[in-house]
Amino acid sequence: MGYTLVAAFDKQFEEEMEKILKEKETIKIPLGRDCDRISANRSMKYHMTLFHWAKQYDSVYLPRVEQLRFVPFEIKVIGTELLYAEEDSLLLYFSVMPGEHYADVKEKFKQIIEAEVSSFMHITIAVSKDHQYIRNLKTIVDEHFCYPFCLKVTELNLYHIWKPVTLNKIIRGDE
């Protein structure tokens, strides 16, 4: 794996998620990924992946990311979902829909990055091979939130997904 560009959410949402899951050992990175999942989990906030690429394409995409500017946008969280994933794991995620200015970001990606934004819009909450644990987390999260709700994205974070996982760049939205 090379890099991943993600939509980051405000500190209040991060704090809320940490408060809800404070006693839980949640891992947000799916199994089967060629990265250090523990390091990634410590380094990465809750996020929505927009685009990622393998390391052999760094010379193509890194210069394009440098040019990226965007208008802050919103996404609408419509609920939680479960998905069976790699290595018999279960993924708990927030299902999301595009909100205000999201179409603008997709268009910028087409123009500057020359790639599409990921079509699987979601925010991973936790992944585990312990299916009951994930189902219990779903209940805890669903008891806390009233759906739908909106999240505003004012920055994009570029992470180098290798060992160790590092935050390489923050792109702030143009107000």
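Placed above this text is the structure.
Residues numbered from 1 in each chain as written. Predicted model: local features only at pLDDT ≥ 70, side-chain atom pairs only at ≥ 80, totals over all residues. Heavy atoms only, no water.

Trainee: Just checking my understanding: could you explain the packing of aromatic side chains for this structure?
Mentor: Aromatic ring pairs: the centre-centre distance and the angle between the two ring planes describe each pair. Scanning all chains against the criterion turns up 18 aromatic pairs. Seen in terms of ring centroids, Phe51 and Tyr61 are 4.9 Å apart; in terms of plane orientation they differ by 75°. Their pairing is edge-to-face. Residue Phe51 is located in strand β2 (residues 47-53), and its partner Tyr61 is located in helix α3 (residues 58-66); the two are separated by 10 residues in the primary sequence. The two residues Phe51 and Tyr61 agree in class, both being buried. Centroid distance Phe94 to Phe149: 6.0 Å. Interplanar angle 90°. Geometry classified as edge-to-face. Here the residue Phe94 occupies a position in strand β4 (residues 89-98), and Phe149 occupies one in strand β6 (residues 149-160), the gap between them amounting to 55 residues. Classification of Phe149 by relative accessible area gives buried; the value is 16%. Through successive ring pairs, a cluster of aromatic residues spans Phe9, Phe13, Tyr46, Phe94, Phe145, Tyr147 and Phe149. (Phe/Tyr/Trp six-rings, centres within 6.5 Å; stacked < 30°, edge-to-face > 60°. Helix = DSSP H or I, 4+ residues; strand = E, 2+ residues; numbered from the N terminus. Buried < 20%, exposed > 50% of the residue type's maximum accessible area, 1.4 Å probe, protein only.)

Trainee: Sorry, what's going on with the nonpolar core here?
Mentor: Side chains that are nonpolar tend, in soluble globular proteins, to be buried together. Core analysis: the largest hydrophobic core is formed by 45 residues, its most contacted members being Met48, Phe73, Ile75, Phe94, Ile123 and Leu156. In contact with Leu156, other than residues within four places in its own chain, are Leu5, Val6, Ala7, Leu50, Leu68, Phe70, Phe73, Lys169, Ile170 and Ile171. Among the nonpolar cores identified, the runner-up in size contains 6 residues, and Val6, Met44, Tyr159 and Val165 belong to it. (Core = buried A, V, L, I, M, F, W, Y, C linked by side-chain atoms within 4.5 Å. Contact = heavy atoms within 4.5 Å.)

Trainee: I tried to follow the pairing of β6 on my own but got confused; where do I start?
Mentor: Each regular strand carries side chains that alternate between the two faces of the sheet. Bridge count for strand β1 (residues 3-9) against β6 is 7 bridges, and the pairing is antiparallel. Bridge pairing in β6 links Tyr3 to His160. Alignment of β6 against strand β7 (residues 166-172), held across 6 bridges, turns out to be antiparallel. Paired with Tyr159 across the strands is Leu167, a residue of β7. Counted along the chain from β6 to the antiparallel partner β7, the turn is 5 residues long. (Pairing = 2+ DSSP bridges.)

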